Amino acid sequence: MDEARTREVARGFAALLRAGAFAEIVELFAPPLRAVVNTEALRLAWTAEAAGRGGVTEVGEPVSEPGEAGLVRIRIPVSCANGGFTVVSSVGGDGLLHGLRLAGPDDGTAWQPPHYAAPTRFTEREVRLGTGEFTVPGTLSLPVGPGPWPAVVLLSGGGAFDRDETSGPNKPLKDLAWGLASRQVAVLRFDKRSFTRPDGPALTMTDEYLPYTLAAVELLRQQPEVDATRIHLLGHSMGGKVAPRIAVAAPAIAGLVLLAADARPMHEAAVRVARYLAALTPGPGADEAVTALVRQAALVAGPDLTPDTPSELLPFGFSAAFWLDQRGYDPVATAAELALPILILQGGRDYQVTVADDLTRWRDALANRPDVTIRIHDDANHLFIPGTGPATPAEYARPGHVEPAVVDGIAAFLAQR
């Protein structure tokens, strides 16, 4: 697509954002993107970002730059009463949007290592995981020295995350990778398939995590510097939720680290979070988004959900297969059946996965297990970055690092035999 046509598409997209014309925006989506993001999902995501920043005050002019696979990346800055965010999309030669995400205002700025990371103590190299068309890239961090070292595979949360779980200027999984590798732990982290191929087919949670994590475990087992009897999984948010399921399929796993792992059914948690965000900036738009999500969540929970249920009737536009996979899986019950040591960490200020709604379920099921350790980091948010006061999405736009105590606690757990 020529430059003039790209500008036309970008300006039209920005104009629709200014008008709040979410249904018209979805009409600009390429079919694969439309299959996973419907009108209400887009409206809810926009409302969530705006609510945490005091409401939108201005949608700026779009800026284009070369993207991957022949696409053009479009960035549209959005100013709010308290900060702002960026709408990042990918436009193809067909003039349609092939990817879309809402990012913090500092997205793409240089990440600075946390003080507890010592790059001279480890090396890194690129790897690829999976087979066929849908392989994904990753990074293997190995401590300097012969080892053999304990190892961990990092699993990012729900959404199209890269291997660092980049959230605005923050990279919590890179913080963990560098911090742990500095403490003589081998670490493997990888881009999610939804990040590398946003135009690919719709995936269930199992589809997106299981095959790539199993490949990561096998790759670690082949490294002479790695102790094959001490390979662990570390999952954050949805990555923590799915980790017990992966451990069932990977008997070689030595233990689990679950960070802000959600225990409640996802459709229930989504409604709770939506109400929390709507309360930050009340208004008709926020109420409308919550009402739509409540209706969609009821369909997920009820008897009428079938593999043929249209995705546009379901939360976030995710497929019926995704929700059936979610509904058929209980992470807490699965973890309770595992004869593995488990470390569960929770942020006290986390509004996405909470002490009251999620951690209590883990505690109730695993309270009598001497091999289970549960810790709350009172001042940490969902990314385990410290702060004060009630947490909001705007907090994710401020640079920070995972708390040192989190890294130290995980390193001590992984070092155990």
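Residues numbered from 1 in each chain as written. Predicted model: local features only at pLDDT ≥ 70, side-chain atom pairs only at ≥ 80, totals over all residues. Heavy atoms only, no water.

Peer 1: Talk me through the layout of surface pockets; I want residue IDs and the actual numbers.
Peer 2: Within this model, the second largest pocket holds a volume of roughly 250 Å³. What lines the second largest pocket is a set of 14 residues, among which Trp 46, Thr 47, Ala 50, Gly 285 and Ala 286 lie closest to the centre. Put simply, the parts of the chain that give the lining of the second largest pocket at least two residues each are helix H4 (39–51) and helix H10 (284–301). For the lining of the second largest pocket, the class distribution of residues is seven nonpolar, five polar and two charged. (1 Å grid on protein atoms, 1.4 Å probe; cavity = no way out; pocket = protein on both sides within 12 Å on 5 of 7 lines; lining within 4 Å. Points joined across faces, edges and corners; volume = space filled by probe spheres on them. Helix = DSSP H or I, 4+ residues; strand = E, 2+ residues; numbered from the N terminus. Nonpolar A, V, L, I, M, F, W, Y, C, P; charged D, E, K, R; others polar.)

Peer 1: Any chance you could break down the environment of Thr 120 for me, citing the residues and the numbers?
Peer 2: The residue Thr 120 is located in the loop between strand E5 (97–103) and strand E6 (122–129) in this model. Placed 72 residues apart in sequence, Thr 120 and Lys 192 show a C-alpha to C-alpha distance of 28 Å.

Peer 1: For helix H13 (residues 355–366), give the residues involved together with the corresponding values.
Peer 2: By the burial criterion, the buried members of H13 are Asp 358, Leu 359, Trp 362 and Leu 366. The buried residues of H13 all sit within an arc of 85° when viewed along its axis, so they share a single face. H13 presents Ala 356 and Asp 364 as exposed residues on the side facing more than 90 degrees away from its buried surface. Where the residues of H13 are buried, they touch strand E11 (253–259), helix H9 (266–280), helix H12 (331–336), strand E12 (342–347) and strand E13 (372–377). (Buried < 20%, exposed > 50% of the residue type's maximum accessible area, 1.4 Å probe, protein only. Arc of directions from axis to C-beta. Contact = heavy atoms within 4.5 Å.)

Peer 1: Before we move on, can you summarise the nonpolar core with the specific residues and values?
Peer 2: Judged by nonpolar contacts, the single largest core of 63 residues is most densely connected at Leu 188, Leu 256 and Trp 362. Excluding anything up to four places from it in sequence, Trp 362 contacts Leu 258, Ala 261, Asp 262, Ala 263, Pro 331, Val 332, Ala 335 and Ile 344. (Core = buried A, V, L, I, M, F, W, Y, C linked by side-chain atoms within 4.5 Å.)

Peer 1: If you had to explain the side chain of Asp 175 to someone new, which residues and values would you point to?
Peer 2: With respect to the secondary-structure elements, Asp 175 resides in helix H5 (residues 172–181). At 8.3 Å, Lys 174 is the nearest oppositely charged side chain to Asp 175, a buried residue that forms no salt bridge. There is a polar contact of 2.9 Å between the side chain of Asp 175 and the side chain of His 401. Within the structure, Asp 175 has its side chain in polar contact with the backbone nitrogen of Val 402 (distance 3.0 Å). When residues no more than four places from it in sequence are discounted, the contact partners of Asp 175 are Trp 111, Pro 114, Tyr 116, Gly 400, His 401 and Val 402. (Lys, Arg positive; Asp, Glu negative; His and termini not counted. Salt bridge = Lys/Arg side-chain N within 4 Å of Asp/Glu carboxyl O. Polar contact = N/O pair within 3.5 Å; in protein donor to acceptor, adjacent residues only side chain to side chain.)

Peer 1: So, the packing of H5 against helix H14 (residues 404–415): which residues are in play, and what are the values?
Peer 2: With their axes 10 Å apart at the nearest point, H5 and H14 run at an angle of 55° to one another. Here H5 is positioned oblique relative to H14, judged by the angle of their axes. H5 and H14 meet at a crossing whose hand is right-handed. From H5, Leu 176, Gly 179 and Leu 180 reach across to H14, where they touch Val 406, Val 407, Ile 410, Ala 411 and Leu 414. In terms of residue class, the contact of H5 with H14 is made up of seven nonpolar, one polar and no charged. (Axes fitted to C-alpha atoms, helices over the stretch in contact; angles between N-to-C directions. Parallel < 35°, antiparallel > 145°, perpendicular 65-115°, else oblique. Left-handed = near helix turned anticlockwise from the far one by under 90°.)

Peer 1: Can you tell me about the packing of aromatic side chains, naming the residues and giving the values?
Peer 2: This structure, assessed with the given rule, holds eleven aromatic pairs. Taking 5.5 Å as the distance between ring centres and 80° as the angle between the ring planes, the aromatic pair formed by Trp 46 and Phe 85 counts as edge-to-face. Taken together, the residues Trp 46 in helix H4 and Phe 85 in strand E4 (residues 83–91) connect sequence positions 39 residues apart. Residues Trp 46 and Phe 85 agree in their burial class; the two are buried. Here a set of aromatic residues connected by ring pairs shows up, and it is made of Phe 316, Phe 318, Phe 322 and Trp 323. Over the aromatic face of Phe 134 sits the side chain of Arg 193, whose NZ or CZ is 4.0 Å from the ring centroid. Across from the ring centre of Tyr 329, 4.1 Å away, lies the NZ or CZ of Arg 245, which sits over that ring. (Phe/Tyr/Trp six-rings, centres within 6.5 Å; stacked < 30°, edge-to-face > 60°. Lys NZ or Arg CZ within 6 Å of the ring centre and 35° of its normal.)

Peer 1: Could you give an account of the pairing of strand E8 (residues 149–155), with specific residues and numbers?
Peer 2: Of all the seven residues making up E8, seven are buried; the element is thus mostly covered by neighbouring parts of the structure. Note: E8 against strand E10 (residues 226–236), six bridges, orientation parallel. Its bridge partner being in E10, Leu 154 is matched across the sheet by Leu 234. Relative to strand E9 (residues 186–190), E8 runs parallel, the two being bridged by four bridges. When the bridges of E9 are listed, Leu 154 appears paired with Arg 189. Running through H5, the crossover from E8 to the neighbouring parallel element E9 is right-handed. (Pairing = 2+ DSSP bridges. Right-handed = clockwise from strand over helix to strand, strands pointing away.)

Peer 1: Please provide a residue-by-residue account of the pattern of salt bridges, values included.
Peer 2: Evaluated as defined, the whole model comprises 18 salt bridges. Between Asp 357 and Arg 264 there is a salt bridge, with the nearest N and O atoms lying 3.1 Å from each other. Residue Asp 357 is found in helix H13, and its partner Arg 264 is found in the loop between E11 and H9; the two are separated by 93 residues along the sequence. Assessed through its relative accessible area of 22%, Asp 357 is described here as partly exposed. Accessibility expressed as a relative area gives 16% for Arg 264, which makes it buried. Here the residues in one salt-bridge network are Arg 264, Glu 268, Arg 272, Asp 357 and Asp 358, joined through shared partners.

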